[in-house]
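# A closer look at the structure
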Amino acid sequence: MTRPIGYFVHHQGRGHAERCAAVVNALPATRPVTIFCARDDMFPTLRPGATVHRIPSLFEPSGAEVGMDWIPTPHTLHCAPVGWPGIRMAMGRMAAWFMEANPALMISDVSAEVAQLARICSVPHVKVIQHGDRSDPGHRAAYDGAAGLLAPFHPALDQPAWADLADRMFHAPGLGCPATPAPDRAAARTRLGLDPARKVILVLSGKGGNGFAQAPIGVGARAMPDTQWITAGHVERDWHATEPSNLRHFGWVDGVADHVAAADVVVASTGNTTCQQILAAGIPWIAVPEWRYFDEQVWKARALDAAGAAVHLPHLPSSAHAWHRAMAEVAARHDPARQQALTGADAASRTAAWLESLIQRLWADAAPNVIPLSAS
């Protein structure tokens, strides 16, 4: 029987689930996959042989917790409170599956604790690597103990601190993002009801956080009355914000391809899917990171800026003249060829082939008729 793959998927945002579905659907049909996630309603269609096993959240309380916060958290862990039955149940289900399924590999996207659990249970793991200051012992343990590191971005966006991990990293820019041609700008504007001749600025936030504040967007729109400003994603309302008539909020939308295609400039955070959409479109980009653990989006925005793909601002401009400076800088530095060079093709199929080759290497010396301990 073909050994299965286990796959832990973090349920904050949709990027983790979209990456997972892309990889799973590209794997051989004979390779079973069990996905562990706190949500089972966020995945695109999965192929036969792939199942989602819902587990309790590793960080959201259920009300059954007992407070033991006086016990220090060791540096090798991040979110591992004591007295949480949900965490115990989630980790116990994965550990039980390790014993029963005799898996070929466990993929963690993302949790340093799940990666370390796999290693402790003697299961080889692949860790998805993300930007940020992850020099702490917990992340380093997850990375150092991994059989491979999956990087869903171009090598030009690597952080210097990863130099010692390079021999185990596999880069898959665009992983989980549909490789569809960008819509025609005129057609996109027609579908969105936008003036075909007016300059359009899009402010775009992802689904993993609280979005951008209303007030600074209003300041920018008021400073440029001849420009149409639109937003997609969540906008955090400010009681003191004043909005001009050239600002239109679309809110949450099923897809933002038309919004990106319609824009002359994009102001956006730096989530994985957002990055790939803007890079592929080759549109001037002001990258404004949203808050994430370990400053993930800050480090990614810095990397994009260093690669000449975006202008990094630490926050939305707070005045009209700051907005004008930002627009002038992004116009002067825009290089669509550099942006599009950071995208990739066939990311899912290449990743699946890499995983299969890694599995072959890992189990090359295994006896052909090994009986799992749980079956003896």
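About the cut-offs
Residues numbered from 1 in each chain as written. Predicted model: local features only at pLDDT ≥ 70, side-chain atom pairs only at ≥ 80, totals over all residues. Heavy atoms only, no water. Pairing = 2+ DSSP bridges. Helix = DSSP H or I, 4+ residues; strand = E, 2+ residues; numbered from the N terminus. Contact = heavy atoms within 4.5 Å. Axes fitted to C-alpha atoms, helices over the stretch in contact; angles between N-to-C directions. Salt bridge = Lys/Arg side-chain N within 4 Å of Asp/Glu carboxyl O. Buried < 20%, exposed > 50% of the residue type's maximum accessible area, 1.4 Å probe, protein only. Right-handed = clockwise from strand over helix to strand, strands pointing away. Expected span 1.5 Å × (residues − 1). Arc of directions from axis to C-beta.

## Points about the sheet that holds strand β10 (residues 228–232)
On the basis of which strands lie adjacent, the open sheet formed by 6 strands has the order β12-β10-β8-β13-β14-β15 and parallel pairing. Looking at the sheet topology across the chains shown, the edges are occupied by β12 (247–249) and β15 (311–312). Bridge count between strand β14 (residues 285–287) and β15: 2 bridges; the pairing is parallel. Within the sheet, the bridge partner assigned to Ile-286 lies in β15 and is Val-311. Helix-sheet contacts for helix α6 (residues 214–223) involve β8 (200–204), β10 and β12, and the interaxial angle to β10 is about 160°.

## Observations regarding the pattern of salt bridges
Oppositely charged side chains can pair when the atoms bearing their charge come close. In this structure the tally under the stated criterion is 15 salt bridges. A salt bridge links Glu-296 to Arg-134; the nearest nitrogen and oxygen atoms lie 3.4 Å apart. Residue Glu-296 is found in helix α9 (residues 296–306), and its partner Arg-134 is found in the loop between β5 (125–128) and α4 (137–144); the two are separated by 162 residues along the sequence. With a relative accessible area of 16%, Glu-296 lands in the buried category. Its salt-bridge partner being Arg-140, residue Asp-144 comes within 2.8 Å of it at the nearest N-O pair. With Asp-144 and Arg-140 both in helix α4 and 4 residues apart, the pair spans about one turn of that helix.

## Notes on the sheet that holds strand β6 (residues 148–151)
Spatial ordering of the open sheet is given by β3-β2-β1-β4-β5-β6-β7, a layout of 7 strands whose pairing is parallel. Two strands bound the open sheet, and with one partner strand each, they are β3 (50–54) and β7 (169–171). Neighbouring strand axes in the sheet, compared pairwise and without regard to direction, differ in orientation by 20° on average. Where strand β1 (residues 5–9) lies against strand β4 (residues 105–109), 5 bridges are found, and the strand directions are parallel. Looking at the pairing, Tyr-7 lines up with Ile-107 of β4.

## What to know about the pairing of strand β13 (residues 265–268)
Side-chain alternation along β13 places Val-265 and Val-267 on one buried face and Val-266 and Ala-268 on a second face that is also buried. Note that β8 and β13 share 4 bridges and pair parallel. The partner of Ile-201 across the bridge, within β13, is Val-265. Taken together, the 3 bridges between β13 and β14 define a ladder with parallel strand orientation. Bridge pairing in β14 links Ala-268 to Ala-287. In terms of handedness, the path from β13 via helix α8 (residues 272–281) over to β14 forms a crossover that is right-handed.

## Some words on helix α10 (residues 320–333)
For α10, which comprises 14 residues, the first-to-last C-alpha distance of 20 Å matches the rise-based estimate of 20 Å (1.5 Å per residue) to within 8%. Of the positions making up α10, those classed as buried are Ala-322, Trp-323, Ala-326, Met-327 and Val-330. Along the axis of α10, the buried positions cluster into a sector of 135°, meaning they face one direction only. Projecting away from the buried face of α10 at angles above 90 degrees are the exposed residues His-321, Arg-325, Ala-331 and Ala-332.

Nothing here speaks to function; it is geometry throughout.
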